[in-house]
Amino acid sequence: MFKFAKKKVARTASKIKQTATKQADDLEGIDPKTYARRWWILAALCLTLLGVMLANSSMNMALPKMAIDLDLAQLDLIWIVNAYTLVFASLLFISGAIGDRYGRKIAMQCGLAVFIAGSLYAGFLAQSGAELIIARVVMGIGGAFVMPTTLSIINNTFPKRERAQAVAVWGAVAGVGMMFGSIISGILLEHFTWHSLFYFSTIIAVIGFIANHFLTHESRDEKESPIDWLGGILSAIAIFGIVYGITEAPSAGWTDTVVATSLIGGFLTLAAFIFWELRAKSPMLDMKLFTNRAFSVSALTLTLAFLAMSGVVFSMSQLMQLILGYGPLESSLRMIPIMTPMMFIAPLVPKLVKKIGARTTIAIGLVLTAAAFIGMTTWTQDMSYGHLLITLLPLIAGIALAQTPATNILMASVPRNRSGMGSAMNDTTRQIGGALGVAVLGAILSATYENKMIEVAHNFPEQVREGLQSSLAVALQVAEKLGPMAGDMVRTAKDAFMSGMSDSATVAACIIFVAAIVAFVGLPKHQAKNDDTI
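Conventions adopted
- Residues numbered from 1 in each chain as written.
- Predicted model: local features only at pLDDT ≥ 70, side-chain atom pairs only at ≥ 80, totals over all residues.
- Heavy atoms only, no water.
- Helix = DSSP H or I, 4+ residues; strand = E, 2+ residues; numbered from the N terminus.
- Rg over C-alpha atoms; globule rule 2.2 N^0.38 Å.
- Buried < 20%, exposed > 50% of the residue type's maximum accessible area, 1.4 Å probe, protein only.
- Contact = heavy atoms within 4.5 Å.
- Areas by Shrake-Rupley, 256 points an atom, 1.4 Å probe, with all protein chains shown as cover.
- Lys, Arg positive; Asp, Glu negative; His and termini not counted.
- Charge placed at Lys NZ, Arg CZ, Asp CG, Glu CD.
- Axes fitted to C-alpha atoms, helices over the stretch in contact; angles between N-to-C directions.
- Parallel < 35°, antiparallel > 145°, perpendicular 65-115°, else oblique.
- Left-handed = near helix turned anticlockwise from the far one by under 90°.
- Salt bridge = Lys/Arg side-chain N within 4 Å of Asp/Glu carboxyl O.
- 1 Å grid on protein atoms, 1.4 Å probe; cavity = no way out; pocket = protein on both sides within 12 Å on 5 of 7 lines; lining within 4 Å.
- Points joined across faces, edges and corners; volume = space filled by probe spheres on them.
- Nonpolar A, V, L, I, M, F, W, Y, C, P; charged D, E, K, R; others polar.
- Phe/Tyr/Trp six-rings, centres within 6.5 Å; stacked < 30°, edge-to-face > 60°.
- Polar contact = N/O pair within 3.5 Å; in protein donor to acceptor, adjacent residues only side chain to side chain.
- Expected span 1.5 Å × (residues − 1).
- pLDDT = per-residue confidence, 0-100.
- Patch = residues over 30% accessible without salt bridge, like charges linked within 9 Å, V, L, I, M, F, W, Y side chains within 5 Å.

**Quick look at the overall build of the protein**
Here is step 1 of the chain: Secondary structure assignment for the protein yields 23 helices and zero strands.
Here is step 2 of the chain: Expected size for 534 residues packed as a compact globule is a radius of gyration near 24 Å; at 25 Å, the protein falls within 12% of this value.
Here is step 3 of the chain: By its C-alpha atoms, the protein is 110 × 50 × 50 Å across when sized along the principal axes.
Here is step 4 of the chain: Per-residue burial for the protein yields a buried fraction of 55% across its 534 residues.
Here is step 5 of the chain: Taking the contacts inside the protein whose residues are at least 6 apart along the sequence as the reference set, 81% of them involve residues at least 24 apart.
Here is step 6 of the chain: Within the structure as shown, the protein displays about 23,100 Å² of accessible surface, and the carbon and sulfur contribution to it stands at 67%.
Here is step 7 of the chain: Averaging the locations of the 40 positively and 33 negatively charged side chains of the protein gives two centres separated by 21 Å.

Here you go:
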């Protein structure tokens, strides 16, 4: 009897041990307490990410009020916007490496503290353009430590079977954040001063800081890989030069001395960075990853997806206000039905990936995006809001289908202990894609508009001619002073603008369609063993 009971206890203990082992394997080393609150952690991280995204996208609408209150020059306004983006993009790789080495949570929280300090100074103390620019630089430094670490923490909080879903939610927040920034800024500026934008950023960041303090766990590279400081410096200089050159080219021209120097210096430094990384013992970015088709194709997909989105956002405010006739606030509110579906589509994408595979999902998303751009070529100045809505909803859906699995593939291609490296690469593709979207598609739009207007403005005095050719907003003001010719000139200027949008949309459609072919051919066909991403 005693012997039988002893055997039964042994079998029970063995089953318990097997169950515990299986649960541990299912959690992939994630602490059970952390796993139990994983979705709350995701919510805190997404709130933190949203605060960083809003700080960048909310500035444009506030510039006129800033210029009046602080007597700012055009150069001041440009740098108030660009200082944040340039510093943010430049520090992504080094901030990701610091998070991996010394702790992702502490890096994120320190970044949030710096971001809050810069935002508070801008809102309460800044009295000049120089002070605002410095505050925005400080905010950019803080933001650079927040965005990559949020994705790194997600990668170390969710097991593989749930990671795609979590990354999809993160990607949706990152995707719509820039659009919601303009919406929120429009609402705030309707009732308050421009200072309210910085107050709002501060409130979101403080809530995120507190939530992450209590919810989020610490994680770091268990191998304690040393930081490649030289690689970090070279990557910062290279990204700064390239992003600055691309950003300034549409207004200054590609042959401008500063733009050309910035681009040449950026690409030369990039070459030096690659040369160093191939020889470094613990590289900031492992160049061998680019021999992995899944990694390189997903990086290309993300770059082009954000190229498309940024190109659309760049021209949309002008289209809404100058062509459709909506005010700033109404324009912002009318973008809500266009962008909101991404929040609902992105979390459903992992289920689609499991059914048809990542490469097919990405290819379908890119084809859908390209088709939407083709639809944009049919837009005219007589179009309605309904026409715009019908065209842009497929575009947003296509971007959601493409970017969600691409982000997951990119992160899955990087060793989990180097999640910061994968996060930095993911975020850098977004920043460069966004800059390219504004630069390339914006330049095409501007060139077509200017060429069209040259044909009709050559008989006018030089001052009038320059006004008509400069931009649609200026042309409409100049045209109103032309007496009997005003109506025809207004219509001509709007037609020229819509022709420019059509040309830029055509180029975008071709680029995205080629990317769809590359994704379908380049990504692995079959799902990798124990991997839900491919």
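**Some words on the packing of helix α18 (residues 358-376) against helix α23 (residues 486-522)**
Here is step 1 of the chain: Their axes nearest at 8 Å, the elements α18 and α23 cross at an angle of 165°. The orientation of α18 with respect to α23, classified from their angle, is roughly antiparallel. For the element pair α18 and α23, the recorded crossing hand is left-handed. Contacts from R359, T360, I362, A363, L366, V367, T369, A370, F373, I374 and M376 of α18 reach α23 at M501, A505, A508, A509, I512, F513, A515, A516, A519 and F520.

**Things to note about the environment of I210**
Here is step 1 of the chain: Residue position: I210 is located in helix α10 (residues 195-215).
Here is step 2 of the chain: Taking relative accessible area as the criterion, I210 reaches 45% and is therefore assigned partly exposed.
Here is step 3 of the chain: The sequence separation of I210 and A44 amounts to 166 residues, and the corresponding C-alpha distance is 9.0 Å.

**Examining the pattern of salt bridges**
Pairing between side chains becomes possible if they bear opposite charge and their charged atoms approach one another.
Here is step 1 of the chain: As enumerated under the stated definition, the model contains four salt bridges in all.
Here is step 2 of the chain: Residue E330 is joined to R334 by a salt bridge in which the shortest nitrogen-to-oxygen separation is 3.1 Å. Taken together, the residues E330 and R334, both in helix α14 (residues 328-334) and four residues apart, mark about one turn of the helix.
Here is step 3 of the chain: R334 sits in the partly exposed class, given a relative accessible area of 25%.

**Structural notes on helix α21 (residues 462-470)**
Because an α-helix packs 3.6 residues into every turn, residues spaced three or four apart end up facing the same way.
Here is step 1 of the chain: Residues of α21 that are buried include every one of V464, G467, L468 and Q469, and no others.
Here is step 2 of the chain: The inward-facing, buried residues of α21 abut α20 (419-457), α22 (472-479) and α23.

**A closer look at the layout of surface pockets**
Here is step 1 of the chain: When its volume is computed, the second largest pocket comes out at roughly 490 Å³.
Here is step 2 of the chain: Every residue lining the second largest pocket is counted, 21 residues in all, and those nearest its centre are L270, F290, M425, T428 and I432.
Here is step 3 of the chain: Those elements that place two or more of their residues in the lining of the second largest pocket are α11 (229-252), α12 (257-277), α13 (293-323) and α20.
Here is step 4 of the chain: Tallied by class, the residues present in the lining of the second largest pocket amount to 17 nonpolar, four polar and no charged.

**Some points on the packing of aromatic side chains**
Here is step 1 of the chain: Tallied over the entire structure, the rule returns nine aromatic pairs.
Here is step 2 of the chain: Ring geometry for W79 versus Y244: centroids 5.6 Å apart, planes at 20°, classification stacked. Linking W79 in helix α5 (residues 74-90) with Y244 in helix α11, this pair joins segments that are 165 residues apart in sequence.
Here is step 3 of the chain: Ring centres of W194 and F198 lie 6.2 Å apart, and the angle between their planes is 85°; on these two criteria the pair is classed as edge-to-face.
Here is step 4 of the chain: By relative accessible area, W194 is classed as buried at 1%.
Here is step 5 of the chain: Take F198: its relative accessible area is 1%, and that puts it in the buried class.

**Section: the side chain of S95**
Here is step 1 of the chain: Position of S95 among the secondary structure elements: in helix α6 (residues 92-102).
Here is step 2 of the chain: By relative accessible area, which is 0% here, S95 ends up buried.
Here is step 3 of the chain: For S95, the side chain forms a polar contact with the main-chain oxygen of A144, separated by 2.7 Å.
Here is step 4 of the chain: Dropping the residues within four chain positions of it, S95 is found in contact with A144, F145 and P148.

**Brief notes about the environment of T149**
Here is step 1 of the chain: Here T149 lies in helix α8 (residues 129-155).
Here is step 2 of the chain: The spacing of T149 and S90 is 59 residues in sequence and 15 Å in space, taken between C-alpha atoms.
Here is step 3 of the chain: Apart from residues no more than four positions distant in its own chain, T149 is found in contact with R104, A107 and M108.
Here is step 4 of the chain: At 2.6 Å, the side chain of T149 forms a polar contact with the backbone oxygen of F145.

**A closer look at the packing of helix α17 (residues 349-356) against α18**
When two helices pack together, their arrangement is given by the angle between the helix axes and the distance between those axes.
Here is step 1 of the chain: Across the interface, α17 lies against α18 with an axial gap of 7 Å and an inter-helix angle of 120°. By the criterion of interaxial angle, the relationship of α17 to α18 is oblique. Mapping the contact onto sequence places V349, L352, V353 and I356 in α17 and A358, T360, T361 and I364 in α18.
Here is step 2 of the chain: By residue class, the composition of the contact of α17 with α18 is six nonpolar, two polar and no charged.

**Points about the side chain of R136**
Here is step 1 of the chain: Among the structural elements, R136 can be located in helix α8.
Here is step 2 of the chain: By relative accessible area, R136 is classed as buried at 0%.
Here is step 3 of the chain: A distance of 2.8 Å separates the side chain of R136 from the backbone oxygen of I80, its partner in a polar contact.
Here is step 4 of the chain: Beyond its immediate stretch of four places on either side in the chain, R136 contacts A55, N56, M59, I80, V81, A83, Y84 and F198.

**Looking at α10**
Here is step 1 of the chain: Between its first and last C-alpha atoms α10 spans 30 Å; for 21 residues at 1.5 Å apiece the expected length is 30 Å, and the two agree.
Here is step 2 of the chain: Of the residues making up α10, those classed as buried are H195, S196, L197, F198, S201, T202, I204, A205, G208 and N212.

**Things to note about the confidence of the model for the protein**
Here is step 1 of the chain: On average, the protein scores 83 in pLDDT, and the residues at 70 or more come to 91%.
Here is step 2 of the chain: Mean pLDDT in the protein bottoms out at helix α1 (residues 2-27), which sits at 52, and peaks at helix α7 (residues 104-124), which reaches 95.
Here is step 3 of the chain: In the model, residues 16-25 has pLDDT below 50 throughout and makes one contact with residues more than four positions away in sequence or in other chains.
Here is step 4 of the chain: Taken together, the stretch residues 527-534 has pLDDT below 50 and engages in 20 contacts with residues farther than four places along the chain or on a different chain.

**Overview of a nonpolar patch on the surface**
Here is step 1 of the chain: On the surface, L120, Y121, F124, L125 and Y199 cluster together into a nonpolar patch covering about 460 Å² of accessible area.
Here is step 2 of the chain: The element best represented in the nonpolar patch is α7, accounting for three residues.
Here is step 3 of the chain: As for its position among the elements, L125 is in the loop between α7 and α8.

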